[in-house]
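# Coordinate inspection notes
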There are 2 protein chains.
Amino acid sequence: MDGKETQAPARGRGRQARQAERARKGGGMGRPYIQRNIPTYDVMSEENLIRIEQAADRILAEVGIEFRDDPVALDHWKRAGATVDGLLVKFEPGMLREILKTAPAEFTQHARNPANSVRIGGRNVVFSPAYGSPFVMDLDHGRRFGTIEDFRNFIRLAQSSPNFHHSGGTICEPTDVAVNKRHLDMVHAHITLSDRPFMGSVTAEDRAEDSIEMARIVFGRDFVEENCVILGNVNVNSPLVWDGTMTLALRAYARANQAAVIVPFILGGAMGPVTSAGAIAQSLAETMAGCALTQLERPGAPVIFGNFLSSMSLRSGSPTFGTPEPAIGSQVIGQLCRRLNLPLRCSGNFTTSKLPDAQAMTEGTMSMLAAIHCGANFILHSAGFLDGLLSMSYEKFMLDADLCGALHSYLDGIRVDDNQLAVDAFHEVGPGNHFFGCAHTMANYETAFWDSDLADNDPFEKWEANGSHDAAYRANRLWKQRLAEFEPPPLETGIRDALDDFVARRKSEVQDMWY
Amino acid sequence: MDGKETQAPARGRGRQARQAERARKGGGMGRPYIQRNIPTYDVMSEENLIRIEQAADRILAEVGIEFRDDPVALDHWKRAGATVDGLLVKFEPGMLREILKTAPAEFTQHARNPANSVRIGGRNVVFSPAYGSPFVMDLDHGRRFGTIEDFRNFIRLAQSSPNFHHSGGTICEPTDVAVNKRHLDMVHAHITLSDRPFMGSVTAEDRAEDSIEMARIVFGRDFVEENCVILGNVNVNSPLVWDGTMTLALRAYARANQAAVIVPFILGGAMGPVTSAGAIAQSLAETMAGCALTQLERPGAPVIFGNFLSSMSLRSGSPTFGTPEPAIGSQVIGQLCRRLNLPLRCSGNFTTSKLPDAQAMTEGTMSMLAAIHCGANFILHSAGFLDGLLSMSYEKFMLDADLCGALHSYLDGIRVDDNQLAVDAFHEVGPGNHFFGCAHTMANYETAFWDSDLADNDPFEKWEANGSHDAAYRANRLWKQRLAEFEPPPLETGIRDALDDFVARRKSEVQDMWY
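An unreviewed UniProt entry annotates chain A as Methyltransferase of Aliigemmobacter aestuarii. In its Sequence similarities (unreviewed entry) section, the UniProt record describing chain A reads: "Belongs to the trimethylamine methyltransferase family."

Have a look at this one:
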């Protein structure tokens, strides 16, 4: 190549250059996070929101929530003025809302590459891969238990896509590593293979502490004391139970000034009522209690208000995902969360399909759009799930990543200015002529439309000549290409060595546990 | 079966009975149309809407619209006060809005079965199959030209699904029937194989007249003079051209007091500017002109404000569908239409995929949800398209029909009352217990969640044991089953004979035309 190459206009330099160009202009991907330019979709009237809040208050005051195996949590509640009877805690209406006033409405989670730090809350949207599957799948080998190499592969695939903003957490369970040591390898992989923000472990208090300690190696102890650098995703044991494992982890994160994500998992008819309004009231009650506990541990600690509603099949009693009721329910929870002025984690990309097929993307798209519409600030599970929540699929991950790309443009909305309105172009072109080569098209087409990595838009005959492949096949080819081309982002040798040492030392201190 | 069978509770009688039960309760399918219980999703500020309206007014006043091959249309415009220079018509700002005031905000389209009549406009939503593909596809035989038997099959499949409210129009082109006679066979098929509302032909004035005449045979001449019983879908030849073929059809429908659907087809960068705001302004200008022409032909005639925005691929220049920009654009057009107080046709289920795969349903779901969110009252193209707009797929039709089912529940939103809030159920169940068998679940589970015909929600092992099929395979099985079981709705013999006679006579009067 000669020197002229670097001077060529963007459209002469192919796909990558166009993407870079769009990112520079702020009209495409490659941004550290999205600032939404369309409103949230508020589906419920204020009158009905208040009725749901009142039902949540009644559940909290009359039925209460059990806090198991964590006496410190019970002490917190006693001091805060709740009624504690054994493990059961009851809350006067308004009490939790008052406690929650110390939680920040938005905060920054820092990445080791400062260009990738994300702002969580307000109008900001962060996409993070799915979390927690024991299995992985691909078209070549079907379903199998996840390994640490699968885990690393998904980090590589996320890092190499401009459509994510976060490296995630337990993307899949690395089942070839001992249960009590895998958090070390997982956090190590996030830090070394990605330079985006990430999540730590929550499955035991010491694993949460280890995760935070590894973040301190990267960011420095003083910085971590003042800034959020790691998230921990903690689940309510719905209905109305907080297990000690979770509250100990929740408190560990809060104590370190790091953000817990508080998430009930309510399968309507099983862990909650079969009616949506009741499940939403329950979700609000459970999440407010968890969020408030972070503030009792450390007032002002960042915390994210989460949500995970689902439905079930009438025929089999199986859980269903990507169905209409949880989609609408998520949008209501978004409204309730904004009334609390907390950052929101909502919904994500869910499906019960066992293949990256039409069902997977019907359900996944409905579910993911609900997360977009409800105003979620942190969208966990934005890519990869098949098989309920049980499998991470390599192909589905790529398909979902592509959808995440589309959603950047969706959230940008429509700009209205003289250039966008194009009245001059109508004067130029006139009735009955086409806009292909007109000056306005030439000046704007590079940034006009989102460009999919995986959609085949060719005419039928060309598609057929190219092998008649489906989207799953193309996704299979793309993840293999991305892994083959992957290069980890640079990391200071001293930090890398210190992380290696920490992991080695901690692994040597305990016996392997396998369940 | 003995007499007890009819007394069994709904859950003892299987799927069909459950559906009937849900329909009776108003919580499921089987309704003649949907009354939305969630608001529209208004993504644009009023300030920006006004700027788009002003741009449309400038296009109409400064650039104008050509009306070709229809001197009567030009006379209408002259009398209405527009500036007519040859074929070019220019409109003072506000003139078209004033003319449009005589158009009804909503109207009833009658079905030959009165239980299936639909209300178009306001909060009502009507799903209709896709329209206009020359090709059909199925998994067994791939792509081929559509025939009248394919056409009839799609009517049968729509009629046998509780998820549609309308029989549609040119569901696929019956290419084995002469171009100038196929409208007779199509309208005949709609009337004899379906008892829902339908659309007539628009491809020539006499074909529009024939379609309306056949409706008169069914409904009676006087009734048709006073009531809408047939729709005609007419397209602008964007940019800024109305062809005589279309305005003659448009005027034929309006003259007979029947509803024209006025639809520009704007592929950004080709038939309109590559920027969304400009394409929307153009769409508004073109549609207002078409709608206004119906009112000049017959003030008070029903008319539907349509929209069809699309994007293109940067790589190939090919049209793209189901992308984010038209999805957002449709929502803006919905807002603009409501400011005109007209019934809205918007968007539908579009994709460029050549298979009923992940791409098809990612794009289709995004596109269809935009139609739902924008407040569309009449959703043409709600099922069947693959391959851009070129093919009707039997499998995609079934997958889309299933999505239409889900959207019934989506549009129902969330009810909030004491039963739905379920506070008593929390008292009954308490912390840590499940809701499976509780009284509230038993009383509510039949109507709680939408139940898909095609999703596989089984555990992986059961799905694998059943053959590891994908959704397209299940859709293939289902359309064959539905066709095998199909029985046409009853039709009075006299009407059937009169229709047969009309079709035979009209066919005998002219030579076949094949292009």
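With that settled, consider the overall build of chain A. Across its full length, chain A carries 19 helices and 20 strands. The C-alpha atoms of chain A give a radius of gyration of 24 Å, which matches the 24 Å a tight globule of 515 residues would have. Its C-alpha atoms put chain A at 75 × 60 × 50 Å along the principal axes. Taken over 515 residues, chain A has a buried fraction of 66%. Partitioning the contacts of chain A with sequence separation of at least 6, the portion at a separation of at least 24 is 76%. Counting every atom, chain A has about 17400 Å² of accessible surface; 49% of that belongs to carbon and sulfur. When the 50 positive and 64 negative side-chain charges of chain A are each reduced to one mean point, those points stand 1 Å apart.

With that settled, the discussion passes to the pairing of strand E13 (residues 259-263) of chain A. All names here are of chain A. Taken across its five residues, E13 has five buried, putting it largely inside the fold. Side chains Ala 259, Val 261 and Val 263 of E13 all project onto a buried face; the interleaved residues Ala 260 and Ile 262 project onto the opposite face, where all are buried too. The pairing of strand E11 (residues 230-235) with E13 spans five bridges and is parallel. Following the sheet pairing, Val 234 is matched in E13 by Ile 262. Where E13 lies against strand E15 (residues 303-305), three bridges are found, and the strand directions are parallel. Its bridge partner being in E15, Ile 262 is matched across the sheet by Phe 305.

Taken together, the contact between chain A and chain B spans 126 residues of the former and 126 residues of the latter. Surface buried jointly by chain A and chain B totals about 9900 Å² across both partners, of which 68% is contributed by carbon and sulfur atoms. Here chain A is connected to chain B by six salt bridges. Between B:Asp418 and A:Arg51 there is a salt bridge, with the nearest N and O atoms lying 3.3 Å from each other. Connecting chain A to chain B are 40 residue pairs in polar contact (both at pLDDT 80 or more).

Moving on: the pattern of salt bridges. All names here are of chain B. One pass over the full model with this rule turns up 74 salt bridges over all chains. Its salt-bridge partner being Glu 62, residue Arg 58 comes within 2.8 Å of it at the nearest N-O pair. Here Arg 58 and its partner Glu 62 are both found in helix H2 (residues 46-63), four residues apart, which amounts to about one turn of the helix. In this structure Arg 58 comes out as partly exposed when scored by relative accessible area, which is 39%. For the salt bridge of Arg 144 with Asp 138, the shortest nitrogen-to-oxygen distance reads 3.1 Å.

Now for helix H6 (residues 182-193) of chain B. Residue and element names in this part refer to chain B. Between its first and last C-alpha atoms H6 spans 16 Å; for 12 residues at 1.5 Å apiece the expected length is 16 Å, and the two agree. The buried fraction of H6 is high, at 12 of 12 residues. Against the buried residues of H6 lie helix H5 (148-159), helix H7 (205-219) and helix H19 (493-509).

The geometry of two aromatic rings is summed up by the distance between their centres and the angle between their planes. Residues and elements named next belong to chain A. Applying the stated criterion across every chain, the model contains 31 aromatic pairs over all chains. Seen from their ring centres, Phe 308 and Phe 321 are 6.2 Å apart, and the 85° between their planes marks the pair as edge-to-face. Here Phe 308, found in the loop between E15 and strand E16 (309-312), pairs with Phe 321, found in the loop between strand E17 (319-320) and helix H11 (324-340); they are 13 residues apart in sequence, far enough to count as distant. Judged by centre distance (4.4 Å) and plane angle (35°), the ring pair of Tyr 394 and Trp 479 falls under tilted. Of this pair, Tyr 394 sits in helix H13 (residues 394-412) while Trp 479 sits in helix H18 (residues 471-485), placing them 85 residues apart in sequence. Pair check on accessibility: Tyr 394 and Trp 479 agree, each one buried. The ring of Phe 135 carries Arg 143 above its face, with NZ or CZ at 3.7 Å from the centroid.

This part takes up the relation of the copies chain A and chain B. Least-squares fitting of chain A to chain B yields an RMSD of 0.0 Å, with the transformation described by 0.0 Å of translation along the axis and a rotation of 180°. Here the transformation between the copies is reduced to the relation of a two-fold axis. Among all C-alpha atoms of chain A, that of A:Ala358 lies closest to the rotation axis, at 2.2 Å. A high fraction, 100%, of the interface residues of chain A reappear at the interface in chain B, so the copies pair face to face through one surface.

As a further point, take the sheet that holds strand E16 (residues 319-320) of chain B. Residues and elements named next belong to chain B. Strand order in the open sheet made by the three strands is E13-E15-E16, with mixed pairing throughout. Among the strands making up the open sheet, the edge pair consists of strand E13 (266-267) and E16. As judged from the two bridges shared by strand E15 (residues 309-312) and E16, these two strands associate in the antiparallel manner. Paired with Ser 311 across the two strands is Thr 320, which belongs to E16.

Further remarks concern unusual backbone geometry. At the junction of A:Ser238 and A:Pro239, the peptide bond is cis and its omega measures out at 5° in the coordinates. Along the chain, A:Pro239 turns up in the loop between E11 and strand E12 (241-242). Positive phi values are uncommon outside glycine, yet B:Leu240 reaches one of about 60°. Mapping B:Leu240 onto the fold places it in the loop between strand E10 (231-235) and strand E11 (241-242). Given a relative accessible area of 0%, B:Leu240 falls into the buried group.

This part is about the environment of B:Ile217. Residues and elements named next belong to chain B. Relative to the assigned elements, Ile 217 resides in helix H7. On the accessibility criterion, Ile 217 (25% relative accessible area) is partly exposed. It is 6.7 Å that separates the C-alpha atoms of Ile 217 and Ile 495, two residues lying 278 residues apart in sequence.

Before going further, it helps to spend a moment on the sheet that holds strand E4 (residues 88-90) of chain A. All names here are of chain A. In space, the four strands of this open sheet follow the order E3-E4-E2-E12, with mixed pairing throughout. Across the chains shown, the open sheet's two edge strands, defined by having one partner strand only, are strand E3 (83-85) and E12. Pairing of strand E2 (residues 65-67) with E4, which is carried by two bridges, proceeds in the antiparallel orientation. Bridge assignment links Glu 66 to a residue of E4, and that residue is Leu 88.

This part is about the nonpolar core. A:Phe67, A:Trp77, A:Phe91, B:Phe67, B:Trp77 and B:Phe91 are the most contacted members of the largest nonpolar core, which totals 312 residues. Leaving out residues up to four positions away in the same chain, A:Phe67 has contacts with A:Ala73, A:Leu74, A:Trp77, A:Leu87, A:Val89, A:Phe91, A:Trp242, A:Thr247, A:Ala289 and A:Leu293.

Under the defined criterion, the tally for this structure stands at zero disulfides over all chains. Counting only cysteine sulfurs, A:Cys337 is the nearest neighbor of A:Cys291, a cysteine outside any disulfide, at a range of 7.7 Å. Using a relative accessible area of 0% as the deciding quantity, one classes A:Cys291 as buried. Between B:Cys337, a free cysteine, and B:Cys346, which holds the nearest cysteine sulfur, the sulfur-to-sulfur gap is 7.7 Å.

With that out of the way, let us pick up H11(A). All names here are of chain A. Taking 1.5 Å of rise per residue, the 17 residues of H11 would be expected to cover 24 Å, and the 25 Å separating its terminal C-alpha atoms lies within 8% of that figure. In terms of burial, H11 is a largely internal element, 15 of the 17 residues being buried. The first or second residue beyond H11 is Asn 341, which carries a positive phi of 65°.

Take the packing of H13(A) against helix H11 (residues 324-340) of chain B next. Their axes nearest at 8 Å, the elements H13(A) and H11(B) cross at an angle of 30°. In this structure, the crossing between H13(A) and H11(B) has a hand that is right-handed. Listed contacts from H11(B) to A:Ala406, A:Ser409 and A:Tyr410 of H13(A) are B:Pro324, B:Glu325, B:Ala327, B:Ile328 and B:Gln331. A class-by-class count of the residues in the contact of H13(A) with H11(B) yields five nonpolar, two polar and one charged.

Next up on the list: the environment of B:Ile212. Residues and elements named next belong to chain B. Checked against the element boundaries, Ile 212 lands in helix H7. Exposure remark for Ile 212: the relative accessible area of 0% places this residue in the buried category. Spatially, the C-alpha atoms of Ile 212 and Leu 403 are 32 Å apart, while their sequence positions differ by 191 residues. Those residues within four positions of Ile 212 in sequence are excluded, and the remaining contacts are Ile 230, Ala 252, Tyr 253 and Ala 256.

So, on to the side chain of B:Ser283. Within the secondary structure, B:Ser283 is located in helix H10 (residues 276-297). Accessibility expressed as a relative area gives 1% for B:Ser283, which makes it buried.

The rules behind these values
Residues numbered from 1 in each chain as written. Chains lettered and ligands numbered in written order. Predicted model: local features only at pLDDT ≥ 70, side-chain atom pairs only at ≥ 80, totals over all residues. Heavy atoms only, no water. UniProt positions renumbered as here; feature names shortened; annotations may be inferred. Helix = DSSP H or I, 4+ residues; strand = E, 2+ residues; numbered from the N terminus. Rg over C-alpha atoms; globule rule 2.2 N^0.38 Å. Buried < 20%, exposed > 50% of the residue type's maximum accessible area, 1.4 Å probe, protein only. Contact = heavy atoms within 4.5 Å. Areas by Shrake-Rupley, 256 points an atom, 1.4 Å probe, with all protein chains shown as cover. Lys, Arg positive; Asp, Glu negative; His and termini not counted. Charge placed at Lys NZ, Arg CZ, Asp CG, Glu CD. Pairing = 2+ DSSP bridges. Buried area = accessible area lost by both parts, 1.4 Å probe. Salt bridge = Lys/Arg side-chain N within 4 Å of Asp/Glu carboxyl O. Polar contact = N/O pair within 3.5 Å; in protein donor to acceptor, adjacent residues only side chain to side chain. Expected span 1.5 Å × (residues − 1). Phe/Tyr/Trp six-rings, centres within 6.5 Å; stacked < 30°, edge-to-face > 60°. Lys NZ or Arg CZ within 6 Å of the ring centre and 35° of its normal. Least-squares fit on C-alpha atoms with pLDDT ≥ 70 in both. Core = buried A, V, L, I, M, F, W, Y, C linked by side-chain atoms within 4.5 Å. Disulfide = S-S within 2.5 Å. Axes fitted to C-alpha atoms, helices over the stretch in contact; angles between N-to-C directions. Left-handed = near helix turned anticlockwise from the far one by under 90°. Nonpolar A, V, L, I, M, F, W, Y, C, P; charged D, E, K, R; others polar.

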